[in-house]
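# Tertiary structure, described
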Amino acid sequence: MPTLSKRTEGFTDSVIRRMTRISNQYGAVNLSQGFPDFEPPRELLERLAEVTREDFHQYSITWGAQNFREALAEKQSKLMGRNIDPNGEIVVTCGSTEAMMAAMMTVTNPGDKVVVFSPFYENYGADTILSGAEPIYVPLYPPEFNFNVDELEAAFKQNPKALILCNPSNPCGKVFTYDELKIIADLAQKYDTFVITDEVYEHIVYEPYKHTYFASLPGMWERTISCSSLSKTYSITGWRLGYIIAPKHIIEVAKKVHDFLTVGAAAPLQEAAVKGLRFGDDYYRDLQAKYTEKRDLFLKGLDDIGIVHTVPQGAYYILLDISEFGYKSDLEFCEVLARDVGVGAVPGSSFFREDVNHLIRLHFAKKNETLSEALNRLEHIRKKIVKR
Ligand code: GLN
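Residues numbered from 1 in each chain as written. Predicted model: local features only at pLDDT ≥ 70, side-chain atom pairs only at ≥ 80, totals over all residues. Heavy atoms only, no water.

### Overview of the sheet that holds strand β11 (residues 346-347)
Stated formally: Pairing between strands is defined by DSSP: at least two bridges between the two strands are required. In this text, helices come from DSSP runs of H or I with a minimum length of four residues, and strands from runs of E with a minimum of two, each type numbered from the N-terminal end.
What the three strands build is an open sheet, ordered β9-β12-β11; its pairing is antiparallel. Edge positions in the sheet fall to β9 (317-321) and β11, since each has one partner strand and no second. With five bridges joining them, β9 and strand β12 (residues 359-363) adopt antiparallel strand pairing. The residue of β12 that forms the bridge with Ile 318 is Leu 362.

### What to know about the packing of helix α10 (residues 281-305) against helix α12 (residues 368-378)
Operational definition: Every angle, taken between N-to-C directions, lies between 0 and 180 degrees, and every axis is a line fitted to C-alpha atoms, over only the stretch in contact when it is a helix. Just so you know how the angles are binned, under 35 degrees is roughly parallel, over 145 roughly antiparallel, 65 to 115 roughly perpendicular, and the rest oblique. Contact between two residues is taken to exist if any of their heavy atoms lie within 4.5 Å; hydrogens are not considered. Under the grouping applied here, Gly and all other residues not named as nonpolar or charged are polar, the nonpolar ones being Ala, Val, Leu, Ile, Met, Phe, Trp, Tyr, Cys and Pro and the charged ones Asp, Glu, Lys and Arg.
Interaxial distance between α10 and α12 falls to 10 Å at its minimum, and their mutual angle equals 10 degrees. Judged on the interaxial angle alone, α12 and α10 are roughly parallel. Where α10 abuts α12, its residues Glu 293, Lys 294, Leu 297, Phe 298, Gly 301, Leu 302 and Ile 305 lie against Asn 368, Leu 371, Ser 372, Ala 374, Leu 375 and Leu 378. Here the contact of α10 with α12 is composed, by residue class, of eight nonpolar, three polar and two charged.

### As for the sheet that holds strand β3 (residues 113-118)
Across a sheet, strands are paired by hydrogen bonds formed along the backbone, either parallel or antiparallel in direction. Spatially, seven strands are ordered β2-β8-β7-β6-β5-β3-β4 in an open sheet, and the strand pairing comes out mixed. In the strand order of this sheet, the two ends are held by β2 (90-94) and β4 (134-139), each with one partner. On average, adjacent strands in this sheet sit at an angle of 20 degrees to one another, irrespective of strand direction. Here strand β7 (residues 224-229) pairs with strand β8 (residues 241-245) via four bridges, running antiparallel. Looking at the pairing, Ser 229 lines up with Gly 242 of β8.

### Focus on the packing of aromatic side chains
The description of two aromatic rings rests on the distance between their centres and on the angle between their planes. Here is the rule: Aromatic pairs are defined between Phe, Tyr and Trp rings, using the six-membered ring for Trp, whenever the two ring centres lie within 6.5 Å; interplanar angles under 30 degrees are classed as stacked, those over 60 as edge-to-face, and all others as tilted. Counting as a charge over the ring demands two things of the Lys NZ or Arg CZ atom: a distance within 6 Å of the ring centre and an angle within 35 degrees of the ring normal.
Under the counting rule described, the total for this entry stands at 18 aromatic pairs. Sitting over the ring of Trp 63, Lys 255 keeps its end group 4.0 Å from the ring centre. Over the ring of Phe 35 we find Lys 366, and its NZ or CZ is 4.2 Å from the ring centre.

Any functional reading would require information that these geometric values do not contain.
This is the structure we're talking about:
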């Protein structure tokens, strides 16, 4: 038999998504893969029902339905502080997963280097390998997950083609300050590097932190490929609606990559989602309030149990310190946690370049009663998991 491709040997299946399957197998409360168990906004579902009876069942334009791009351009123009052209500066993709992959393939050649902060969302590892690029990892140091400017500049000196910026950050919950982003921007300028952003948690930021769009920094529009999605903002992770926003000449290339990868995102779902893109500011305020309540509820529960954890500034993930259990493998710990405690988590090692085995990630994008159930189960963690 001929051998299979070399490029697939460099990575495993997604541990995040594997943990969902393991959680389901043990009937655990699944706080591993980050998606909500509450309903999307009613108005979106009602519009979706209407759309099934309208004429949206064939391909949309490959780079996104006109109506969707116009609504998206209007929303993001206000947020990003510039007039985004719906006809030239947007590609609609199948989730930001495709957006990131298409962005990588748009800017890198095999052998090019790409700067990635560690910890990082696991897709970036596979994205770099699949596009033939080579990651240069730059550590973010807890508890604030700050980078060291000299280490970052040392990475830039290796002549990378791009830097990947997840802001707000999954899994560490960091919201980069304006000053930190300015440092990255100055280095991107100095070393002539692209910045590919993943901003899917743009609307999930806790007071007093504020999200700054990297593309809105002085001089950065030209070199930023902004990726995001509707998944987290409208609680529709299964709809797979994401997008790239960038200058026209970059979008021209991204359109080609996207067209041959997937042709297009689902037409009826794009049409229904326009309803959400046209929501007023109060929707985003309510979303923030809802997630703030969940975060506070969950953090208090963890504090009552006495587990050491991070406090997210944005996104909906918490890293828990499991050193006290003495496990060498955090993957094994997560399996035992799902089986014996009944809570699904993601091993921290799938996010860190460094040898980190004492952290696990939980998310709180769940109904309050689901979070309470998870906390009830976690209360018995020290009885159910024998220390090693
Ligand atoms: N971003 C989510 C997480 O980190 C998962 C996204 C996905 O599985 N596509 O859990």
